[in-house]
Amino acid sequence: VQLQAFGGGLVQAGGSLRLSCAASVRTFRDYTAGWFRQTPGQERDFVAACFRSTCSPAYVESVKGRFTISRDNAKNTVYLQMNNLKPEDAAVYYCAAGNRLISSSVRYDNAYDYWGQGTLVTVSS
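Per chain, residues are indexed from 1 in the order of the written sequence. It should be noted that, the model being predicted, local features are given only for residues of pLDDT at least 70 and side-chain atom pairs only at 80 or more, the latter also being counted only at that level, while totals for whole chains, interfaces and linings use all residues. Excluded from the side-chain calculation are hydrogens and water; included are all heavy atoms of the structure.

J.: Help me understand the packing of aromatic side chains, please; the structure alone is not making it clear to me.
T.: The aromatic pairing rule takes the rings of Phe, Tyr and Trp, using the six-membered ring of Trp, and pairs them if the centres are within 6.5 Å, calling planes under 30 degrees apart stacked, those over 60 edge-to-face and the rest tilted. Applying the stated criterion across every chain, the model contains six aromatic pairs. Judged by centre distance (6.3 Å) and plane angle (55°), the rings of Y31 and Y114 are tilted. Here Y31, found in the loop between β3 (17–23) and β4 (32–38), pairs with Y114, found in strand β10 (residues 114–115); they are 83 residues apart in sequence, far enough to count as distant. Ring-pair connections join several aromatic residues into one group, and the members of that group are F36, F46, Y112 and W115. Only Lys NZ and Arg CZ are tested; either one counts as a charge over a ring when it is within 6 Å of the ring centre and within 35 degrees of the ring normal. Positioned above the aromatic ring of Y94 is the side chain of R44, whose terminal nitrogen or guanidinium carbon lies 5.8 Å from the ring centre. Cation over ring: R44 sits above W115, and NZ or CZ is 3.7 Å from the ring centre. Secondary structure elements follow DSSP: runs of H or I no shorter than four residues count as helices, runs of E no shorter than two count as strands, and numbering proceeds from the N terminus.

Shown next as structure tokens:
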């Protein structure tokens, strides 16, 4: 499974971006997909996840009410709509996927088998 993440860029604080993660596998609907982010020198942190085909969502507390994860199973793509961006949201964002996750594991990066290349989000204050 190959994942391609795109949609990052430079945005002012309070602005919006939508990240996309396109998967190469036609059964992507059966995969749990997640977004993680990483800043230099820091560990990769969980942001949001879309559990299996129904996309039951999970979010880190700091993005609740601002970020929305969704998926288009027909396009084998998962999205992360990010609104009201803050400088602390700036990071490289990675999408991940796996078909062996259980709902309680979606926040852990080692539960995912496949990773995209990352897309940089920069938020100016």
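J.: I keep staring at the pairing of strand β5 (residues 45–51) and nothing clicks. Help me out?
T.: The side chains of a regular strand alternate between both faces of the sheet. Summary of the burial criterion: residues with accessible area below 20% of their type's maximum are buried, those above 50% are exposed, and those between are partly exposed, where the area comes from a 1.4 Å probe applied to protein chains only. Burial within β5 is extensive, with six of its seven residues counted as buried. By the bridge criterion, five bridges tie β4 to β5 in an arrangement that is antiparallel. Bridge pairing links A33 to C50 in β5. Alignment of β5 against strand β6 (residues 56–59), held across four bridges, turns out to be antiparallel. Looking across to β6, one finds that F51 is bridged to S56. The antiparallel pairing of β5 with β6 creates a hairpin that spans four residues between the two strands, and R52 there sits at a positive phi of about 55°. Paired strands, in this sense, are two strands between which DSSP finds at least two bridges.

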